[in-house]
Amino acid sequence: MTPHQLYQEKRRTVEQALSLIHSGDTVIGATYVCEPVLLYRALHTIAPRVRDVTVWCGITKEVYPFYSDPAYHDTFFVNCIFYDPQARANHAGGHVSYLPFHMHQMPGIMANQEPDVFMMAVPPMDAEGYFYLTPIQQFETEVFHAAKTRIFEVNPHIPFLPTGKRVHISEITCLIESDCGISYAPEFMPSAVEQQAAANAAALVRDGDTIQIGLGNLSNAVADALHDKNDLGIYTEIFCAPAGRLMQRGVVTNRRKNFHPDKTVCGFLWGDQPFYDFLDHNPDIELLPSAYVNDPYHIAQNDNMVSINTALQIDLTGQVCSETLNGRQYSGTGGATDFAAGAYMSRGGRGIVVITSTAKNGTVSKIQPMLSLGSVVSISRNWVDCIVTEYGVAHLKGANIRQRVERLIAIAHPDFRAELRREADRLMLW
């Protein structure tokens, strides 16, 4: 049977594909650009015939009834790998929970769940009958092979990367076809304060360094502040539009990398349409599984590796919380710990955590004597190198607690420095 004949044989409607999900099943969906949007939109329709279905997902493109409508909370339980607004809004209902992990561990953890059904949106099949699992490799390859039932949502709008893992049409259970819009990263507009903090962080980056950078106002601002650098390399978990612009402008060349030279290495991609157009069929992007990319040992193989992360709160000893607010899950660990550790061990490496000094319109200091009650330590103080705010840089690597307290107070907002000193005295941190 030819690949085209197999394709026609495996085509199904959305309803037919979802009929393969049964009571008690564990369903894992791909994330970001490869989110199975049409299947998720209709997933709630199977509620009358199933119960106790567990769905694993992350940041979602839109609000789905199976996830957010209370009418389906008794049918579907959501294991969330990274909290987004939909997860935060539904957490109190008791049918959503967060899974703690380091990103390099996640593929193995998810594959070991013995998933019943794996759903993923993919670019169209090639002439030889292969689908490329692009542009994301967080856990998709491992879960694809572990799942009993494999459903593809074929969408021509998904960018194609020739370095992605590929699977043959004969290996999937069925497919549906989709022409719906794909997931775009949110737009970010850094403030003047964020731009100043970003400029301080960018000053720690040298020509020829290899960088990891994330997503958000501060991350975007740091990327913009790197435009005067030369011959940067990229080795990162998420590759997004601001970093893509550095490639397009020739700031990133990857020429001076000693590990995967001449390639931008990433585990997944998320951005806007111009970014996806730039990525499509781009041979300079090397998409590799997160189990590999996020392994601190591999990160550390990059000489002069610079990890750039953000945080929600930092205490005076250097503990970093990047995922909880007031003791409640807000986002997730992601690859923050992986890259902090990898950069720390890299020859010539630097780990940067960049924040603005205050939150809530200047009424709360992000540098606190102790983390708030219930806060999660996303990056241990043992892996923290540099903390950066709009007021400067606190070098913590090799510093004792007294030195850390002094240096962190020096980059806190001036309105809170006296209070931080008093609390440091009370807690005997000096």
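Criteria and thresholds
- Counting starts from 1 at the beginning of each chain's written sequence and moves along it residue by residue.
- In keeping with the model being predicted, local features are shown solely for residues with a pLDDT of at least 70 and side-chain atom pairs are shown and tallied solely at 80 or more, while totals for entire chains, interfaces and linings include all residues.
- To get the side-chain values, take all heavy atoms of the structure and skip hydrogens and water.
- Helical segments are the DSSP runs of H or I of at least four residues, strand segments are the runs of E of at least two, and each set is numbered from the N terminus.
- For a compact globule the rule gives 2.2 Å times the number of residues to the power 0.38, and the radius of gyration it is set against comes from C-alpha atoms.
- A simple rule labels every residue: compare its accessible area, found with a 1.4 Å probe on the protein chains alone, to the largest value its type can have, and call it buried under 20%, exposed over 50%, or partly exposed in between.
- Residue contacts are counted whenever heavy atoms from the two residues lie within 4.5 Å of one another.
- Each accessible area is a Shrake-Rupley result for a 1.4 Å probe, and residues are judged covered by the shown protein chains and nothing else.
- As used throughout, the charge tally considers Lys and Arg to be positive and Asp and Glu to be negative, leaving His and the chain termini uncounted.
- Think of each charge as sitting on NZ of Lys, CZ of Arg, CG of Asp or CD of Glu.
- Two strands pair if DSSP finds at least two bridges between them.
- A crossover gets the label right-handed when its path from the first strand over the helix to the second runs clockwise, viewed with the strands pointing away from the viewer.
- For this document, the term salt bridge refers to a Lys or Arg side-chain nitrogen within 4 Å of an Asp or Glu carboxyl oxygen.

*Asks:* For this particular structure, what's the right way to read the overall build of the protein?
*Replies:* From N to C terminus, the protein includes 16 helices and 24 strands. Taken over the C-alpha trace, the protein has a radius of gyration of 22 Å; the compact-globule value for 430 residues is 22 Å, and the two agree within 12%. Based on the C-alpha atoms only, the size of the protein along its principal axes is roughly 70 × 50 × 35 Å. Per-residue burial for the protein yields a buried fraction of 60% across its 430 residues. Excluding contacts between residues fewer than 6 apart, the proportion of contacts in the protein whose partners are at least 24 apart in sequence is 71%. By element, 49% of the accessible surface of the protein is carried by carbon and sulfur atoms, the whole surface being about 17000 Å². Looking at the protein, you have 34 positive and 45 negative side-chain charges, and the mean spots of the two groups are 6 Å apart.

*Asks:* Any chance you could explain helix α10 (residues 241-248) here in plain terms?
*Replies:* Because an α-helix completes one turn every 3.6 residues, residues spaced three or four positions apart along the sequence face the same direction. Among the eight residues of α10, six are classified as buried, and the element is accordingly described as predominantly covered. When we look at burial in α10, the residues that qualify are Ala241, Pro242, Ala243, Gly244, Leu246 and Met247. Contacts made by the buried residues of α10 are with β10 (210-213), α9 (217-225), β11 (233-240), β12 (264-270), α11 (273-279) and β13 (285-287). Two residues or fewer after α10 comes Gly250, characterised by a positive phi angle close to 85 degrees.

*Asks:* Got a minute to help me understand the pairing of strand β2 (residues 53-57) in this structure?
*Replies:* Residues in a regular strand project their side chains so that they alternate between the two faces of the sheet. Summarising burial for β2: five of the five residues are buried, a large majority. On β2, burial covers both faces: Val53, Val55 and Cys57 on one face and Thr54 and Trp56 on the other are all buried. Sheet topology places strand β1 (residues 26-29) next to β2; three bridges connect them, and they run parallel. In the sheet register, Thr26 faces β2, and the bridge partner there is Thr54. Chirality of the crossover, the property in question, places the unit of β1, helix α3 (residues 37-42) and β2 among those that are right-handed.

*Asks:* Can you help me understand the pattern of salt bridges in this one?
*Replies:* Two side chains with opposite charge may pair up if their charged atoms get near one another. Applying the stated rule across the entire model yields 10 salt bridges. With its nearest N and O atoms 3.1 Å apart, the salt bridge here joins Lys61 to Glu62. Judged by relative accessible area, Lys61 falls into the partly exposed class, the value being 30%. For Glu62, a relative accessible area of 21% translates into the label partly exposed. With its nearest N and O atoms 3.3 Å apart, the salt bridge here joins Asp116 to Lys148. Taken as a pair, Asp116 in the loop between α6 (106-111) and β5 (117-122) and Lys148 in the loop between α7 (140-146) and β7 (149-154) lie far apart in primary sequence, 32 residues in all. With relative accessibility at 18%, the residue Asp116 sits in the buried group. With a relative accessible area of 55%, Lys148 lands in the exposed category. Each of Arg41, Lys61 and Glu62 takes part in salt bridges that share partners, so that together they form one network.

*Asks:* What's the story with the sheet that holds strand β22 (residues 367-368) in this structure? I'm lost.
*Replies:* The strands that make up a sheet are held in pairs by hydrogen bonds between backbone atoms, and each pair lies either parallel or antiparallel. In space, the three strands of this open sheet follow the order β16-β15-β22, with mixed pairing throughout. What marks the edges here is a single partner per strand, and that holds for β16 (320-321) and β22. Pairing between strand β15 (residues 313-315) and β22: two bridges, direction parallel. Bridge pairing in β22 places Asp315 opposite Gln368.

It is worth stressing that arrangement in space is one thing and function is another; only the former is reported here.
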